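Each chain, letter by letter, is given below.
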Amino acid sequence: NAGVTQTPKFQVLKTGQSMTLQCAQDMNHNSMYWYRQDPGMGLRLIYYSASEGTTDKGEVPNGYNVSRLNKREFSLRLESAAPSQTSVYFCASKISGMGGEQFFGPGTRLTVL
Amino acid sequence: KNEVEQSPQNLTAQEGEFITINCSYSVGISALHWLQQHPGGGIVSLFMLSSGKKKHGRLIATINIQEKHSSLHITASHPRDSAVYICARHTGNQFYFGTGTSLTVIP
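Residues numbered from 1 in each chain as written. Chains lettered and ligands numbered in written order. Predicted model: local features only at pLDDT ≥ 70, side-chain atom pairs only at ≥ 80, totals over all residues. Heavy atoms only, no water.

J.: Give a description of the overall build of chain B that names residues and reports values.
T.: Along its length, chain B carries zero helices and 11 strands. Rg of the C-alpha trace for chain B: 13 Å, near the compact-globule value of 13 Å for 107 residues, within the 12% margin. Viewed in the frame of its principal axes, chain B has a C-alpha envelope of about 40 × 25 × 20 Å. Taking all 107 residues of chain B together, the buried fraction comes to 44%. Look at the contacts in chain B between residues 6 or more apart in sequence, and 55% of them connect residues 24 or more apart. Taken as a whole, chain B presents about 5,000 Å² of accessible surface, with 50% of it coming from carbon and sulfur. Charged side chains in chain B number 8 positive and 6 negative. The centres of these two groups are separated by 8 Å. (Helix = DSSP H or I, 4+ residues; strand = E, 2+ residues; numbered from the N terminus. Rg over C-alpha atoms; globule rule 2.2 N^0.38 Å. Buried < 20%, exposed > 50% of the residue type's maximum accessible area, 1.4 Å probe, protein only. Contact = heavy atoms within 4.5 Å. Areas by Shrake-Rupley, 256 points an atom, 1.4 Å probe, with all protein chains shown as cover. Lys, Arg positive; Asp, Glu negative; His and termini not counted. Charge placed at Lys NZ, Arg CZ, Asp CG, Glu CD.)

J.: Residues and numbers for the interface of chain B and chain A, please.
T.: Opposite the 16 residues of chain B that make contact, chain A presents 21 residues. Each partner contributes to the roughly 1,600 Å² buried at the junction of chain B and chain A, and carbon and sulfur atoms together form 59% of this total. Applying the counting rule to chain B against chain A returns zero salt bridges. Where chain B meets chain A, there are two residue pairs in polar contact (both at pLDDT 80 or more). Mapped by element, the contributors of at least two residues to the side of chain B that touches chain A are strand E4 (31-37), strand E5 (43-49), strand E9 (83-91) and strand E10 (94-97) of chain B. Among the residues forming the side of chain B that touches chain A, the class breakdown is six nonpolar, 10 polar and no charged. (Buried area = accessible area lost by both parts, 1.4 Å probe. Salt bridge = Lys/Arg side-chain N within 4 Å of Asp/Glu carboxyl O. Polar contact = N/O pair within 3.5 Å; in protein donor to acceptor, adjacent residues only side chain to side chain. Nonpolar A, V, L, I, M, F, W, Y, C, P; charged D, E, K, R; others polar.)

J.: A description of the state of the cysteines should follow, citing residues and the corresponding values.
T.: Working definition of a disulfide: a covalent bond connecting the sulfur atoms of two cysteines. Residues and elements named next belong to chain B. Per the stated rule, a full pass over the model turns up two disulfides over all chains. Cys23 shares a disulfide with Cys87; S-S distance 2.0 Å. With the S-S dihedral at roughly 70 degrees, the linkage between Cys23 and Cys87 falls on the right-handed side. Highlighted residues: Cys23 in strand E3 (residues 19-25) and Cys87 in strand E9, separated in sequence by 64 residues. The buried category is assigned to Cys23, whose relative accessible area is 1%. Taking the relative accessible area as the measure of exposure, Cys87 reaches 0% and is therefore buried. (Disulfide = S-S within 2.5 Å.)

J.: Can you tell me about the environment of Arg44 of chain A, naming the residues and giving the values?
T.: Residues and elements named next belong to chain A. Within the secondary structure, Arg44 sits in strand E5 (residues 42-49). In the structure, Arg44 is positioned 43 residues away from Ser87 in sequence and 11 Å away in space, judged by C-alpha atoms. Ignoring sequence-local partners within four residues, the contact set of Arg44 consists of Trp34, Tyr35, Arg36, Asp38, Glu59 and Val60. Within the structure, Arg44 has its side chain in polar contact with the side chain of Asp38 (distance 2.8 Å).

J.: Could you give an account of the sheet that holds strand E1 (residues 4-7) of chain B, naming the residues involved and the relevant values?
T.: Residues and elements named next belong to chain B. Read across the sheet, five strands follow the order E1-E3-E8-E7-E6 without closing on themselves; strand pairing throughout is antiparallel. The outermost strands of the open sheet, each flanked by one partner alone, are E1 and strand E6 (52-56). Neighbouring strand axes in the sheet, compared pairwise and without regard to direction, differ in orientation by 15 degrees on average. Sheet topology places E6 next to strand E7 (residues 59-64); five bridges connect them, and they run antiparallel. (Pairing = 2+ DSSP bridges. Axes fitted to C-alpha atoms, helices over the stretch in contact; angles between N-to-C directions.)

J.: For the sheet that holds strand E7 (residues 64-68) of chain A, give the residues involved together with the corresponding values.
T.: Residue and element names in this part refer to chain A. With antiparallel pairing, the four strands of this open sheet are ordered in space as E1-E3-E8-E7. What marks the edges here is a single partner per strand, and that holds for strand E1 (4-7) and E7. With strand direction ignored, the average angle separating the axes of adjacent strands in the sheet is 15 degrees. Judged from the four bridges that link them, E1 and strand E3 (residues 19-25) form a sheet pairing that is antiparallel. Residue pairing for E3: Val4 is matched across the bridge by Gln25.

Structure below.
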């Protein structure tokens, strides 16, 4: 099992460029999450998908869109990147419901110039 | 709003010392999670607690639901325990994370 995979690992964008961060899990989990991690801020939820076909905003959704392509894949899109979106992005998944731990991908380090 | 507070922010210990990291929160939870983030950046889940105490090797996690407080203890600390330890409350479908405690264990 690969667990949770993310691509790319690193990316540099210029202001205004767009890109999509990819995430896939092979654990048959229903719930998937996108977080950003900034120094001194802790992980903050951007969007989540409680199950295939549903997505909901988290704490910091502005400037992002998501797609739950199927049960395995959950992508995060930056339509017009801004320097404030420079961060490390983590995807995570868990079995649905109240219980269960989250499994994290290795992260994507994004720099917007 | 985050409402998950950790202390201390930074901690340096000698190898073999007993370590305690604290986490407090202010709203109801489904569960409280402790995670470890290694210097390379990877994040792994250590514990999920809804009551009482759990132990895994040298790590012990406790929670007091009435006081809205959890602690992570590391016994006989070792340099390989050096990492950032993060607590997170699970409420509904979402997780809210503390800012982490950076632990350095010196040989």
